[in-house]
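A closer look at the structure
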Amino acid sequence: MNPITKEVVVVGGGISGLTLSWHLHRAGVDLALIEASDGVGGCTRTELRDGFVLEKGPFNVMVRDPAFEGLLDSVADEVGVVTASPAARKRYIYRRGRLMCVPTNPVALLTTPMLSLGGKFGLMTGLMLSGRARDEEETIEQVAIRRFGKDVSDTMISAVIAGIFAGDIRKLSLKACFPPVADVDRQARSLIGYGLKKAFGPKKKRHKKKYKGLVSIDGGLGALTDALGRSLGSDLLVNSKVEAIRQVDDGYEVDYRDGEGNSTTIKCRHLVMSSPAPETSRLISPLVAGAGTILDSIESSSLVVLNLGFKKSDVGHPMEGYGFLVPHHETEFPLMGVLWADSIFPHHAPDDSRLIRVFIGGARNPGAVERTDDDLVSTSLDSLRGLLDVSGEPTLIDICRYSAAIPQYHRGHTEKIEKLRGLVATKPGLHLNGNYLDGVSLNDCVRSASELATKLIAAVSRAGAEAVGSGAV
Ligand SMILES: Cc1cc2nc3c(=O)[nH]c(=O)nc-3n(C[C@H](O)[C@H](O)[C@H](O)COP(=O)(O)OP(=O)(O)OC[C@H]3O[C@@H](n4cnc5c(N)ncnc54)[C@H](O)[C@@H]3O)c2cc1C
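Note that the coordinates shown come from a computational prediction; the quantities given were computed from them, not determined experimentally.

A word on the overall build of the chain. When its secondary structure is counted, the chain shows 16 helices and 19 strands. By the compact-globule yardstick of 23 Å for 473 residues, the chain fits well, its C-alpha radius of gyration being 24 Å. With respect to the three principal axes, the spread of C-alpha positions in the chain is 75 × 55 × 40 Å. When burial is assessed residue by residue, the chain has 45% of its 473 residues classed as buried. A separation of at least 24 residues holds for 71% of the contacts in the chain among residues at least 6 apart in sequence.

Structure, rendered in structure tokens:
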């Protein structure tokens, strides 16, 4: 039997694959999105249980790009977009057994017990003038120490980066993780001078943001990915794991197995790999020499997310704020960070309850995913009881383990990706898409997938026009 034919096949229905497919579907491109699990979203999934909104993966988005705004606008009739409460602007850092509020103005900065006197001096002088950026690629820690000194790097920067990458600032590259910040670092020895120049110099026309601050969806971020999945109709195949791909004369053949164990082959002109790096490596290694070695060299941090619900009366701390992060040198404290979920989005817990989201693991504690549920819960409770004055037992426990949670953009990552893209470009019609390429945040994944969609739509319509011109259709 001849295989089914599609113009485009997308492998993997996380936010990257969904965004790409959503654009293609709207443009009328004949496609199939093939997803291995029984639902879309990848790590962007939500469970609604007993009045709680349980985010399994990402919790909120900073919408910085028109592409994400477009995506949200398109589903706005179906799902409500919600912004974080103003209380969430307050953030804390765990230091020496206490929670300390992150200073947001010069007076608070001078009086905070979070930094030593030397640390405060380093931060102040670092804003005025710092050493010149080195020629070779620097880690986030190297830049932070060069600019602000070791105390600021160890205490503030390591905690913030743990919250984004669950990674190690001694290995992560500033250029790869935060390209715009690295640009500023190269251009400006004085950050205050840079800020003044920006404020009083010629203004570039900037995109006016529609969604300000941190954003989520009424029914959790999973409601967004579900809505995108629904919009694809029969172009979406779930419970369908891609097992192998082959290059053929005018494109690719994709073999997938459905939930009943039946194997099917789809033929396509364009094949987009939107699966995580390790699975993409497995699938494209037989096709693209050298690609597997690069993909396999991209490390990912592992992570455990615990959603713990409590009776309101059992939590003595007001928990007004975003939560707290833990610097890497606090090695005695076993948690990486804690979010006060219903302080950020009040609808995440019933009125009589509180929802605490605990992160354990990351680069500093890679064995956490192997630990038992009981062990993870008792570690969390032991840490939270004193700090947040938690008395009773949790009324709800939800645990998610990620053995490969977030790709780590270590030094050399940008060059690795350039090389990988060069190798893949030798196979016409094969494309890469996903969080190991152009940024790990949801905003980055959506931007990158939207850019690829624009190129693909142009390629597909060009091919269509040429076929009409040659009388082939
Ligand atoms: C715990 C956690 C918290 C996070 N918090 C935030 C946050 O608050 N804000 C933020 O902006 N970002 C956050 N991130 C990062 C962000 O969520 C991810 O980078 C992003 O969701 C990755 O999307 P993706 O589509 O590239 O990959 P994935 O979500 O991993 O999707 C890949 C998909 O491919 C499918 N697949 C794999 N193999 C096959 C196969 N052979 N055949 C078919 N399908 C296959 C998988 O089933 C999956 O659905 C967080 C990430 C994690 C893990």
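Okay, the packing of helix α1 (residues 15–26) against helix α10 (residues 221–231) next. α10 packs onto α1 with a crossing angle of 40 degrees between their chain directions and a minimal axis gap of 9 Å. Handedness of the α1/α10 crossing: left-handed. Across the interface between the two elements, Ile15, Leu18, Trp22 and His25 of α1 pack against Thr225, Leu228, Gly229 and Ser231 of α10. Residue classes in the contact of α1 with α10 are distributed as four nonpolar, four polar and no charged.

Let us look at the site of the ligand. Close to the ligand lie 37 residues; Gly12, Gly14, Ser16, Gly42 and Pro58 are nearest. Among the secondary structure elements, those contributing two or more residues to the shell around the ligand are α1, β11 (240–248), β14 (300–311), β18 (396–407) and α16 (442–469). When grouped by side-chain class, the residues that make up the shell around the ligand number 18 nonpolar, 16 polar and three charged. Looking at which domains feed residues into the shell around the ligand, each of domain 1 (4–44 + 58–83 + 220–298 + 410–469) and domain 3 (300–407) gives three or more.

Take the sheet that holds strand β5 (residues 61–62) next. In sheet architecture, strand pairing relies on hydrogen bonds along the backbone and comes in two forms, parallel and antiparallel. Here we have three strands laid out as an open sheet, ordered β5-β9-β6, and antiparallel in their pairing. The outermost strands of the open sheet, each flanked by one partner alone, are β5 and β6 (81–83). In the sheet, β6 pairs with strand β9 (residues 214–217) via three bridges, with the strands oriented antiparallel. Bridge pairing in β9 places threonine 83 opposite valine 215.

Let us now look at the domain arrangement of the chain. Assigned domains of the chain: these are domain 1 (4–44 + 58–83 + 220–298 + 410–469), domain 2 (115–200) and domain 3 (300–407). Here domain 1 and domain 2 have C-alpha centroids that lie 34 Å from each other. Along the lines of polarity and charge, the residues of the side of domain 1 that touches domain 2 split into one nonpolar, three polar and one charged.

Below, the discussion takes up the nonpolar core. Grouped together as the largest cluster of nonpolar side chains are 126 residues, with contacts concentrated most on Val8, Val9, Ile93, Ile140 and Ile356. Of the residues forming this core, the biggest block, eight residues, is contributed by α16. If near-sequence neighbours (up to four positions away) are discounted, isoleucine 356 is found in contact with Leu308, Phe310, Val338, Trp340, Ala341 and Leu384.

Once that is clear, we can look at the pairing of β14. Counting buried residues along β14, 11 of its 12 residues qualify, which places the element largely inside the surrounding structure. As defined by bridge partners, β14 adjoins β18 across nine bridges and the pair is classed as antiparallel. Bridging from a neighbouring strand, leucine 308 pairs with isoleucine 397 of β18. Inspection of the sheet shows β14 paired to strand β17 (residues 353–361) by nine bridges, in the antiparallel sense. Looking at β17, one finds that valine 304 is bridged to isoleucine 360.

Alignment of strand β7 (residues 91–95) against strand β8 (residues 98–101), held across four bridges, turns out to be antiparallel. Within β8, the residue paired with tyrosine 92 across the bridge is cysteine 101. Following β7, the chain reverses through two residues before pairing antiparallel with β8; arginine 96 in that reversal takes a positive phi of roughly 50 degrees.

The subject of this paragraph is the sheet that holds β7. Ordered in space as β8-β7-β15-β16-β17-β14-β18, the seven strands form an open sheet in which the pairing is mixed. Looking along the sheet, the strands with just one partner apiece sit at the ends: β8 and β18. Across the sheet, the mean angle from the axis of one strand to that of its neighbour is 25 degrees, orientation sign disregarded. The pairing of strand β16 (residues 337–340) with β17 spans four bridges and is classified as antiparallel. Bridged to leucine 339 within β17 is arginine 357.

Definitions and cut-offs
- Residues numbered from 1 in each chain as written.
- Predicted model: local features only at pLDDT ≥ 70, side-chain atom pairs only at ≥ 80, totals over all residues.
- Helix = DSSP H or I, 4+ residues; strand = E, 2+ residues; numbered from the N terminus.
- Rg over C-alpha atoms; globule rule 2.2 N^0.38 Å.
- Buried ≥ 20, exposed ≤ 12 C-beta atoms within 10 Å, placed from the backbone.
- Contact = placed C-beta atoms within 7 Å.
- Axes fitted to C-alpha atoms, helices over the stretch in contact; angles between N-to-C directions.
- Left-handed = near helix turned anticlockwise from the far one by under 90°.
- Nonpolar A, V, L, I, M, F, W, Y, C, P; charged D, E, K, R; others polar.
- Near = placed C-beta within 6 Å.
- Domains from an automatic or database assignment.
- Pairing = 2+ DSSP bridges.
- Core = buried A, V, L, I, M, F, W, Y, C linked by C-beta atoms within 7 Å.

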